[in-house]
Amino acid sequence: MKSITAPFMRSTTSRFPAVYPFLFCLILGLAGCATSPRAASTTPPAKNLIAVMSAFDPEITATESLLIGTNPPVAVTRINGVTFKQVKFEGHDLLLFASGMSLVNAAMTTQLAIDHFHVSKVLFAGIAGGINPAHRVGDVVVPEKWYHHSEAVYANPKPDGSGYILPEYFKPTYENFGFMFPDNVTVIRDDMTTPARTAYFAADPALLETARQALKTLPPIPFAGRRADVSVGGNGVSGPVFMDNREYRKWTFRVWQAECLDMESTAIGQVCWANHTPFLIIRSLSDLAGGQEGINAADAMQAPASANASLVLREVLRAMK
């Protein structure tokens with residue numbers, strides 16, 4: 001016994017036998033598990049959760065006010081700094097979380113949710129810049145296809161000014177905007193053997209039809225003294241820029257016939273495509289993406305426009321079987 005107990009009688013400056021650092025690290029490791037940022041709520045996540053995403057505070061506030069209200073979430077889980085709230089809403093099990101702003105954050109958080117929860121489909125409600133000149137601020141669009149507008153080759157001009165010097169591999173598919181030549185993306189998933197080029201990612205047909213049905217019972221949305229228009233279909237484009245340029249806006253509409261432009265949707269669509277997960281994106285127009293005269297009014301319009309998108313989202317959820 002003495003040979004076992006003696007080490008515990010030594011001063012704190014003595015050397016520990018080899019086994020004690022191992023035990024000490026084990027204890028620290030177990031303690032760390034209890035406070036890990038990946039630690040989940042004690043309530044197990046539901047099956048077939050509908051992921052509901054928004055990018056930043058005005059969008060998140062608008063969605064949570066309608067879908068959570070004053071009722072506490074069923075469960076809250078924090079993973080890699082992202083808070084996931086499991087919510088019951090009119091018979092649906094929802095998973096609310098912030099995508100974060102721009103393409104990389106949106107892709108990361110979408111994949112995080114799919115990896116850690118039983119996500120059956122993904123919905124997003126938020127704001128965007130209006131591209132189609134038929135739309136006004138406050139209108140809501142639910143595009144069918146989502147394109148990248150900033151996957152591109154940036155080329156040098158030819159010395160004689162007759163055009164641009166393009167790399168040999170690149171064959172332009174779209175009209176260029178000056179030195180910017182848009183391109184499609186290369187993708188792969190588990191039912192493919194080799195990567196392939198794709199132009200867009202399509203929202204789920206069944207969810208699009210649900211959105212169309214929801215519009216039939218959607219109450220009028222008053223906005224700035226008029227009724228906001230809500231439409232399903234058409235194209236959307238995304239890129240990692242806040243777009244506020246009149247000529248670029250015209251070009252984007254000409255090339256993609258886009259309804260709107262934002263910073264997250266195509267990334268969400270691409271991740272959902274890669275994981276065979278249905279998705280639907282709802283966007284309310286907070287600004288005209290450079291089509292206005294003077295300063296962009298997005299700051300003043302982001303909260304009321306976010307509310308419009310969330311109202312449509314709520315009705316889509318209600319229309320789901």
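Because the structure is predicted, anything quoted here is derived from the model rather than measured. The numbering scheme is per chain: residues are counted from 1 as the chain's sequence reads. Where totals are concerned, whole chains, interfaces and linings use all residues; where local detail is concerned, this predicted model gives features only for residues with pLDDT of at least 70, and gives and counts side-chain atom pairs only at 80 or more. The basis for the side-chain values is all heavy atoms of the structure; hydrogens and waters are excluded.

A.B. asks: Provide a residue-level description of the overall build of the protein chain, including the pertinent values.
C.D. replies: In this description a helix means any DSSP run of H or I spanning at least four residues, a strand means any run of E spanning at least two, and both kinds are numbered starting from the N terminus. Helices and strands together make up the secondary structure of the protein chain, namely eight helices and 20 strands. For the exposure calls, accessible area comes from a 1.4 Å probe over protein chains only, and a residue counts as buried if that area is under 20% of its type's maximum, exposed if over 50%, partly exposed in between. Put simply, the protein chain has 321 residues, and 45% of those count as buried. By definition, residues are in contact when any of their heavy atoms lie within 4.5 Å. Contacts in the protein chain between residues at least 24 apart in sequence constitute 76% of all its contacts with a sequence separation of at least 6. Exposure was quantified through the Shrake-Rupley algorithm and a 1.4 Å probe, taking into account, for residues, occlusion by the shown protein chains and nothing else. About 16,600 Å² of surface is accessible on the protein chain, with carbon and sulfur atoms providing 58% of the total.

A.B. asks: Go over empty space enclosed by the protein with me, naming the residues and quoting the values.
C.D. replies: The distinction between a cavity and a pocket rests on a 1 Å grid over the protein atoms alone: a 1.4 Å probe fits inside a cavity but cannot get out, while a pocket stays open yet meets protein on both sides within 12 Å along at least five of seven lines, and a residue with an atom within 4 Å of a point counts as lining. Grid points are joined across faces, edges and corners, and a volume is the space filled by probe spheres set on the points. Summed over all chains, the structure comprises one cavity of 30 Å³ or more. Its boundaries defined by the atoms lining it, the largest cavity holds a volume of some 30 Å³. Every residue lining the largest cavity is listed: Tyr 147, His 148, Tyr 174, Asp 183, Asn 184, Val 185, Ala 199 and Trp 256. Each residue gets one label: Ala, Val, Leu, Ile, Met, Phe, Trp, Tyr, Cys and Pro are nonpolar, Asp, Glu, Lys and Arg are charged, and the others, such as Gly, are polar. Taken together, the residues that form the lining of the largest cavity break down as five nonpolar, two polar and one charged.

A.B. asks: Please set out the nonpolar core residue by residue, giving values where relevant.
C.D. replies: Within the largest apolar cluster, 63 residues are counted, with the highest numbers of intra-cluster contacts made by Phe 84, Leu 94, Leu 280 and Leu 317. Those residues within four positions of Phe 84 in sequence are excluded, and the remaining contacts are Ala 75, Val 76, Thr 77, Ile 79, Leu 95, Leu 96, Phe 97, Leu 112, Ala 113 and Phe 117. Residues enter a nonpolar core if they are buried and are Ala, Val, Leu, Ile, Met, Phe, Trp, Tyr or Cys, with the set joined through side-chain atoms within 4.5 Å. Among the nonpolar cores identified, the runner-up in size contains eleven residues, and Ile 131, Tyr 147, Tyr 248 and Ala 258 belong to it.

A.B. asks: Could you give me a rundown of the pairing of strand E19 (residues 258–262), with the residues and numbers involved?
C.D. replies: For E19, the tally of buried residues reaches five of five residues, placing the bulk of the element in the interior. Two strands are counted as paired when DSSP detects at least two bridges linking them. As judged from the two bridges shared by strand E5 (residues 119–130) and E19, these two strands associate in the antiparallel manner. Looking across to E19, one finds that Gly 129 is bridged to Leu 261. Sheet topology note: the strand E18 (residues 235–238)/E19 ladder contains four bridges and is parallel. Looking at the pairing, Val 237 lines up with Leu 261 of E19. Read from E18 through helix H6 (residues 246–256) to E19, the crossover connection turns out right-handed. Clockwise travel from the first strand over the helix to the second, with the strands pointing away from the viewer, marks a crossover as right-handed.

A.B. asks: Just give me the short version of the pattern of salt bridges, but keep the residues and values in it.
C.D. replies: Whenever a carboxyl oxygen of Asp or Glu lies within 4 Å of a side-chain nitrogen of Lys or Arg, that contact is scored as a salt bridge. Counted according to the given criterion, the structure contains 15 salt bridges. Residues Asp 183 and Arg 197 are paired through a salt bridge, measuring 2.7 Å at the closest nitrogen-oxygen approach. Placement of Asp 183 in the loop between strand E11 (180–182) and strand E12 (185–187) and of Arg 197 in strand E13 (residues 196–198) is noted, with a sequence separation of 14 residues between them. Arg 197 sits in the partly exposed class, given a relative accessible area of 47%. As a salt-bridge pair, Arg 189 and Asp 191 come within 3.0 Å of each other at their nearest N and O atoms. Note on Arg 189: relative accessible area 22%, which makes it partly exposed.

A.B. asks: Can you explain the confidence of the model for the protein chain? Please cite residues and give values.
C.D. replies: Note on scores: pLDDT gives the predictor's confidence for each residue, bounded by 0 and 100. Per-residue pLDDT for the protein chain has a mean of 89; in total, 86% of the residues score no lower than 70. A low-confidence stretch, residues 1–39 stays under pLDDT 50, and its non-local contacts, those more than four residues away or across chains, total 16 contacts.

A.B. asks: So what's going on with the packing of aromatic side chains? Which residues, and what values?
C.D. replies: By convention, a stacked pair of Phe, Tyr or Trp rings (six-membered ring in the case of Trp) has centres within 6.5 Å and planes under 30 degrees apart, an edge-to-face pair has planes over 60 apart, and any other such pair is tilted. Using the criterion set out here, one finds 13 aromatic pairs in the structure. Here the aromatic rings of Tyr 154 and Phe 179 are separated by 5.2 Å at their centres, their planes lie at 80 degrees, and the arrangement is edge-to-face. You can see Tyr 154 sitting in strand E8 (residues 152–154) and its partner Phe 179 sitting in the loop between strand E10 (164–165) and E11, a full 25 residues away along the chain. Residue classification places Tyr 154 among the exposed residues on the basis of a relative accessible area of 53%. Judged by centre distance (6.1 Å) and plane angle (65 degrees), the rings of Tyr 169 and Phe 170 are edge-to-face. Exposure remark for Phe 170: the relative accessible area of 5% places this residue in the buried category. Feature note: the residues Tyr 174, Phe 177, Tyr 248, Trp 251 and Trp 256 constitute an aromatic cluster, connected by ring pairs.

A.B. asks: Any details on the layout of surface pockets? Residues and values, ideally.
C.D. replies: Taken as a whole, the largest pocket holds about 310 Å³ of empty space. For the largest pocket, the lining is made up of 21 residues, of which Ile 127, Phe 242, Met 263, Ser 286 and Asp 287 are closest to its centre. Those elements that place two or more of their residues in the lining of the largest pocket are E5, E19, strand E20 (279–287) and helix H8 (298–319). Here the lining of the largest pocket is built from residues that sort into twelve nonpolar, three polar and six charged. Computed from the structure, the second largest pocket encloses a volume of approximately 160 Å³. Ile 60, Glu 64, Thr 83, Phe 97 and Ala 98 are, among the 13 residues lining the second largest pocket, the residues nearest its centre. When contributions to the lining of the second largest pocket are tallied by element, the ones reaching two or more residues are strand E1 (49–54), helix H3 (57–67), strand E3 (82–89) and strand E4 (92–98). Within the lining of the second largest pocket, the residues separate by chemical class into seven nonpolar, four polar and two charged.

A.B. asks: Lay out the environment of His 149 in plain terms, naming residues and giving numbers.
C.D. replies: Take His 149: it is sitting in the loop between strand E7 (145–148) and E8. Take His 149: its relative accessible area is 3%, and that puts it in the buried class. Each C-alpha atom, one on His 149 and one on Pro 240, is 9.3 Å from the other, the two residues being 91 residues apart in sequence. Other than its neighbours up to four places away in sequence, His 149 contacts Val 237, Ser 238, Gly 239, Val 241, Tyr 248, Trp 256 and Leu 261. For the purposes of these results, a polar contact is taken to be a pair of N or O atoms within 3.5 Å, where, inside protein, one atom must be able to donate a hydrogen and its partner to accept one; residues adjacent in sequence count only when each atom of the pair is a side-chain atom. A polar atom in the side chain of His 149 sits 3.4 Å from the backbone nitrogen of Gly 239.

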